[in-house]
Amino acid sequence: MDKYSFLNAANTAFFADLYDQYLINPDSVEPSWRAFFQGFDFGMESVDSEEFESINRSELITVGIPGSDKKVEVPQDVYKEFQVVRLIDGYRSRGHLFTETNPVRDRRKYFPTLALETFGLDKSDLDVVFNAGEILGIGPSSLKKIIEHLEAIYCDAIGIEYMYIRNPERVQWIQQWLNVNDNHPAYNTDEKKNILRKLNEAVSFETFLHTKYVGQKRFSLEGNESLIPALDKLVEKASDMGVEQFVMGMAHRGRLNVLTNIFGKAAKDIFSEFEGKDYEQQVFDGDVKYHLGWTSDRKTDNGKKINMNIAPNPSHLETVGAVVEGITRAKQDRHFRDDYSKVLPIIVHGDAAIAGQGISYEVVQMAQLDGYKTGGTIHIVVNNQIGFTTNYLDGRSSTYCTDVAKVTLSPVLHVNADDAEAVVHAATFALDYRMRFQRDVFIDLLGYRKYGHNEGDEPRFTQPKLYKAISKHKNPREIYAQKLIEQGVIDPEFVKKIEADYKKVLEEELEDSRKEQTTVITPFMRDEWKGFVPAQEDKMLSQIDTTYSKEKLQKLAEKITTLPEDKKFLRKIERLIGERNKMFFENDKLDWAMGELLAYASLLEEGFAVRFSGQDVERGTFSHRHAVIKVEDSEEEIVLLNELKDQQNAHFDIYNSLLSEYGVVGFDYGYAMASPNTLTIWEAQFGDFSNGAQIMIDQYISSAEDKWKLQNGLVMLLPHGYEGQGAEHSSARMERYLQLCAKDNMFVADCTTPANLFHLLRRQMKVDYRKPLIVFTPKSLLRHPKAVSSVDEFVNGSFQTVIDDVDAQAKKIKSVVLCTGKFYYDLLEAKIERKRSDVALVRLEQLFPLPVEKIKEVLAKYTNAEEVVWAQEEPRNMGAWSHLLLHFEEARNFRVASRRFYAAPAAGSTTRSKRRHAQVIDYVFDKTLDNMVRKPK
């Protein structure tokens, strides 16, 4: 027995910590302890309770260690002690499965249970004192008291998942936090009354809308009203912890309630939106009331000012999460660089949406990545237990809707939405955890949905039993008020008074709203957008001065083409950087990479920051950019664009992204939304891949200004060009972007020279407005000997929407060929080979807004031309042809040279692809081949 004398009261907690560590990672435990725990675990499985009870407490139990011939002798009383340790770990690991967190349904049954017998214990042990109580901070205690403590912490109104976390410090912090007050809050009278007031506001607001606007969609919060006091607590406490700005995203459910009762949006403005009044301004179409964003400054109870932002969102429920993260990161980078404590992101999800939408996973995967982390997000799931009309058992395979949280080992609290104090307590935990560890945390707010999906549906069609129970169920305010009355905190008159007072306010707001004839949309994040103005198509087509001093450009070129002398680089890198230096200072022929990098450098010198992300963007998919250079031996990263010294007036950030389009484009769009003086760029690995972000393109990039009065300057670089690489590495689907173009919503360009790209990117920041910019960028042109520009074109040039054929003699021209992008160089090569001096090649560099007057001006030069040809390498049903027909009436008379109509953008066979490409080129120069091009082959 002497060899087990160390197993005393003082050390039990230490053993338990070791055991927890062993459970998480057995190899991290010292071998002798690992052998002991293996024997203990094996013994637990191999000795039943009856056999165990026949052994005297002073006797030894011999158990074999699995996978070896070793055996361990464990004293009976020590064995019992560790059974209690195992019981504690059982509650910590699986207690959440046996909570009272569902207010309207019986929980599913899980096995094995937490019954004593599961752990080799029985009722005779309940009065035995075990040292294991030390683990819980209650000292040596009877098994009965230990179980009561565990039930209170893990199996009441809050169930918590955290034992999968592999970091012992975080696990221990959580356990200590939970042990305080048995995981039950000890709120004082004032705090309880405040929770009730916020609950009253939440309930009364929904009731008011329900009676005043019968049958109208509002996506009510009823069944989850405790979200409001939880958010209120978050705001108040976070401000005391130093948070200065909130960025929140949520879909429809409860949004109007949150806008009014947390963000301070005047109820009269929401009532005006219910009245369906027209908007004050005619230049945009607006959106439904539960999609709109809002920015306000809130004064907390302690007198602190906190900036509140709730981002606008479309009906794609989880999309806004990525945008919120981008907005948050932009604010952090701009105002509090490298300090994540000042801006707090909160994302409110729906249960079916977070489980069913893939972007939830993408956003979670961003959480700890250098280019996308925001210091932890508080995720709150408003869990209605129904998605539209679908029961949760049909909506996911996972146990919980929040199981995506386990990807990043984030703790999850499942909370009964009827228990307002528990909900506020969970919010407090989430905030403390986020601020302490700068990591994500999830709250699963388990409630119900009182009415159908949009108040117009009949939920009993699909959930008759559930809605029979819901119809009889008291709301959270009634439940909490009754609890406070029983505690003597309030009397019944208090509830009536706060309800009457709030209803009176709403009635006054309603009366005020009816006096107004139109609805005003308040700009989102107005402070960030001071000095920017709306721009319509005429302004977008005006010439912008993007010239740049040659002297300054030379200095920049020197710095971005000079490697540190004290570091060793790959020979290929040394050669490449050296060639760039020669391009500028000797050959006067700058390629695409130099044009691009000099654009960034010049903007940095002028004080505009640059953020660039996407898959493999640091070196570039086609190995042309090399914005980040690795030291050969150490892999230290050198970013020459951050080595501009006296010309460095802003920071250049470039990040290889996770393999995501939807989530990353959403993030970068949000970043651009919050930082208009940063050139924010997302580059697709291949332009085709941008279709993975189609929801962002449709719902935000192309339409946000029209819907939400939001400007955004996000740049999308989409490699595009037919080079025999198959259907999914050829086309960036320009026809899709062009179909989305209308009035003044974005720029679309297909540049053919490095200088034109240089001026295009500079124009993006030099204007006093912001529009998304879609650029179809090259692949083969990155190293094409003719795709070069002179230094003078950078210094004195400007962005050219149309580039005329400078070699053409206008009077000799019989055929004017209009084309875009890389196809120009293919046609130029064919023109030279065929010695066709009667053909002029005119490049359309900006596709939207279409420079109609400039096109007409160029075409008018060619007075002897017999035809105008529109030439494109894409199939007839793709590319820019249909766009030209919509926006340029004269195009109806053009002869069209293109591939035939195809479902796929390009052929998979290189031979077939080359043949089709050659046929189009042949037809450009010989219209008699028309039948050959059109006939299927």
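None of these values were measured; they are calculated from a predicted model. (Residues numbered from 1 in each chain as written. Predicted model: local features only at pLDDT ≥ 70, side-chain atom pairs only at ≥ 80, totals over all residues. Heavy atoms only, no water.)

> Explanation requested: the confidence of the model for the protein chain in the structure shown.
Regions with low pLDDT should not have their predicted coordinates read in detail. Taken residue by residue, the protein chain gives an average pLDDT of 90. The fraction at 70 or more is 91%. The low-confidence segment residues 1–10, where pLDDT is below 50, has 19 contacts with residues more than four positions distant or belonging to other chains. (pLDDT = per-residue confidence, 0-100. Contact = heavy atoms within 4.5 Å.)

> Just to check I follow, could you spell out the side chain of Glu-605 for this structure?
Relative to the helices and strands, Glu-605 resides in helix H22 (residues 592–605). A polar side-chain atom of Glu-605 sits 2.8 Å from a polar atom in the side chain of Tyr-548. (Helix = DSSP H or I, 4+ residues; strand = E, 2+ residues; numbered from the N terminus. Polar contact = N/O pair within 3.5 Å; in protein donor to acceptor, adjacent residues only side chain to side chain.)

> So what exactly am I meant to see when it comes to helix H18 (residues 492–513) here?
An α-helical segment advances 3.6 residues per turn. Residues three or four places apart therefore align on the same side. The end-to-end C-alpha separation of H18 is 32 Å, in line with the 32 Å expected for 22 residues at 1.5 Å each. For H18, the set of buried residues is Phe-494, Val-495, Ile-498, Tyr-502, Leu-506, Leu-510 and Ser-513. When H18 is viewed along its axis, its buried side chains cluster within an angular range of 140° and face the same direction. Structural note: H18 exposes Glu-493, Lys-496, Lys-497 and Lys-504 on the side pointing more than 90 degrees away from its buried face. Looking at the buried side of H18, the elements it contacts are helix H7 (189–212), helix H9 (255–261), helix H10 (267–275) and helix H17 (476–487). Capping the start of H18 is the job of one residue whose side-chain oxygen sits 3.1 Å from the backbone nitrogen of Glu-493: Asp-491. (Expected span 1.5 Å × (residues − 1). Buried < 20%, exposed > 50% of the residue type's maximum accessible area, 1.4 Å probe, protein only. Arc of directions from axis to C-beta.)

> How do you make sense of the pairing of strand S27 (residues 867–875) when you look at a structure like this?
Regular strands place side chains that alternate from one sheet face to the opposite one. With nine of its nine residues buried, S27 lies for the most part within the structure. Pairing of strand S24 (residues 815–819) with S27 involves four bridges; the strand directions are parallel. Paired with Val-816 across the strands is Val-868, a residue of S27. Bridge count between S27 and strand S28 (residues 895–899): four bridges; the pairing is parallel. When the sheet's bridge partners are listed, Pro-875 is paired in S28 with Arg-899. In this view, the connection linking S27 to its parallel neighbour S28 by way of helix H31 (residues 881–887) has right-handed handedness. (Pairing = 2+ DSSP bridges. Right-handed = clockwise from strand over helix to strand, strands pointing away.)

> What is the right way to read the nonpolar core from this model?
Residues Val-258 and Ile-346 are the most contacted members of the largest nonpolar core, which totals 93 residues. Examining the composition of this core, we find that 10 residues originate from one element, helix H15 (residues 420–437), more than from any other. In contact with Val-258, not counting residues within four places along its chain, are Leu-227, Ile-228, Leu-231, Met-248, Met-250, Phe-263 and Ile-310. (Core = buried A, V, L, I, M, F, W, Y, C linked by side-chain atoms within 4.5 Å.)

> Before we go on, may I ask you to explain the sheet that holds strand S22 (residues 773–777) in this structure?
Hydrogen bonds between backbone groups are what pair the strands of a sheet, and the pairing can be parallel or antiparallel. Judged by pairing direction, the sheet is mixed, and its seven strands sit side by side in the order S18-S15-S19-S20-S22-S21-S26 without closing on themselves. Both outer strands of the open sheet, strand S18 (652–656) and strand S26 (846–848), are each paired with one neighbouring strand and no more. Each adjacent strand pair in this sheet contributes to an overall mean axis angle of 20°, direction not counted. As paired strands, strand S15 (residues 609–614) and strand S19 (residues 678–683) are joined by six bridges and run parallel to one another. Its bridge partner lying in S19, Val-610 is registered against Leu-679. (Axes fitted to C-alpha atoms, helices over the stretch in contact; angles between N-to-C directions.)

> Can you help me understand the pattern of salt bridges in this one?
Close approach of charged atoms lets side chains of opposite charge pair. Scanning all chains against the criterion turns up 47 salt bridges. Across the pair Asp-125 and Lys-80 runs a salt bridge whose closest N-O atoms are separated by 2.6 Å. Placement of the pair is Asp-125 in the loop between helix H4 (76–94) and strand S3 (129–130) and Lys-80 in helix H4, with a sequence separation of 45 residues. Each member of the pair, Asp-125 as well as Lys-80, is classed as buried. For Lys-539, the salt bridge goes to Asp-768, with nearest N and O atoms at 2.9 Å. Remark: Asp-768 occurs in the loop between helix H27 (754–766) and S22 and Lys-539 occurs in helix H19 (residues 537–540); sequence separation between them is 229 residues. (Salt bridge = Lys/Arg side-chain N within 4 Å of Asp/Glu carboxyl O.)

> I'm lost on the packing of H22 against H27 in this one. Help?
Between two packed helices, what matters for the description is the angle formed by their axes and the separation of those axes. The interhelical angle for the contact between H22 and H27, taken along N-to-C directions, is 25°, at an axis separation of 8 Å. In this view, H22 runs roughly parallel relative to H27, as classed from their interaxial angle. Once H22 is placed against H27, the crossing between them reads as right-handed. The segment H22 lies against H27, with Trp-592, Gly-595, Glu-596, Leu-598, Ala-599, Tyr-600, Ser-602 and Leu-603 engaging Pro-754, Leu-757, Phe-758, Leu-761, Arg-762 and Met-765. The residue makeup of the contact of H22 with H27, split by class, is 10 nonpolar, two polar and two charged. (Parallel < 35°, antiparallel > 145°, perpendicular 65-115°, else oblique. Left-handed = near helix turned anticlockwise from the far one by under 90°. Nonpolar A, V, L, I, M, F, W, Y, C, P; charged D, E, K, R; others polar.)

> Would you take a moment to explain the pairing of S18 for this structure?
Burial analysis of S18 places four of its five residues in the buried class, which makes it a mostly covered element. Taken together, the five bridges between S15 and S18 define a ladder with parallel strand orientation. Pairing of Ser-613 across the sheet is with Tyr-655, part of S18.

> Help me understand the environment of Asn-188, please; the structure alone is not making it clear to me.
Within the secondary structure, Asn-188 sits in the loop between helix H6 (168–179) and H7. Placed 301 residues apart in sequence, Asn-188 and Val-489 show a C-alpha to C-alpha distance of 9.4 Å. Within the structure, the side chain of Asn-188 is placed 2.8 Å from the backbone nitrogen of Glu-191, a separation counted as a polar contact.

> Can you walk me through unusual backbone geometry in this structure?
Backbone phi values are negative for most residues with the exception of glycine, while trans is the configuration of most peptide bonds. Here the residue pair Phe-111 and Pro-112 is connected by a cis peptide bond, since its omega of -5° sits within 30 degrees of zero. Assignment of secondary structure puts Pro-112 in the loop between H4 and S3. Positive phi values are uncommon outside glycine, yet Gln-385 reaches one of about 70°. Checked against the element boundaries, Gln-385 lands in the loop between strand S10 (378–383) and strand S11 (386–387). Take Gln-385: its relative accessible area is 4%, and that puts it in the buried class.

> What is the right way to read the state of the cysteines from this model?
Simply put, disulfide is the name for a covalent bond between the sulfur atoms of two cysteines. Applying the stated criterion to the full structure yields zero disulfides. Free of any disulfide, Cys-741 has its nearest cysteine sulfur in Cys-751, 15 Å distant. Not part of a disulfide, Cys-751 finds its nearest cysteine sulfur in Cys-819, a span of 13 Å. Its relative accessible area of 1% is what places Cys-751 among the buried residues. (Disulfide = S-S within 2.5 Å.)

> Help me understand empty space enclosed by the protein in this model?
A probe as big as a water molecule, rolled over the atoms, marks out the empty space that is left. Counting across every chain of the model gives 14 cavities of 30 Å³ or more. Roughly 230 Å³ of volume is contained in the largest cavity. Looking at the largest cavity, it is lined by 16 residues, and the ones nearest its centre are Asn-102, Arg-107, Tyr-392, Arg-396 and Leu-446. Of the residues that constitute the lining of the largest cavity, the class distribution is four nonpolar, six polar and six charged. (1 Å grid on protein atoms, 1.4 Å probe; cavity = no way out; pocket = protein on both sides within 12 Å on 5 of 7 lines; lining within 4 Å. Points joined across faces, edges and corners; volume = space filled by probe spheres on them.)

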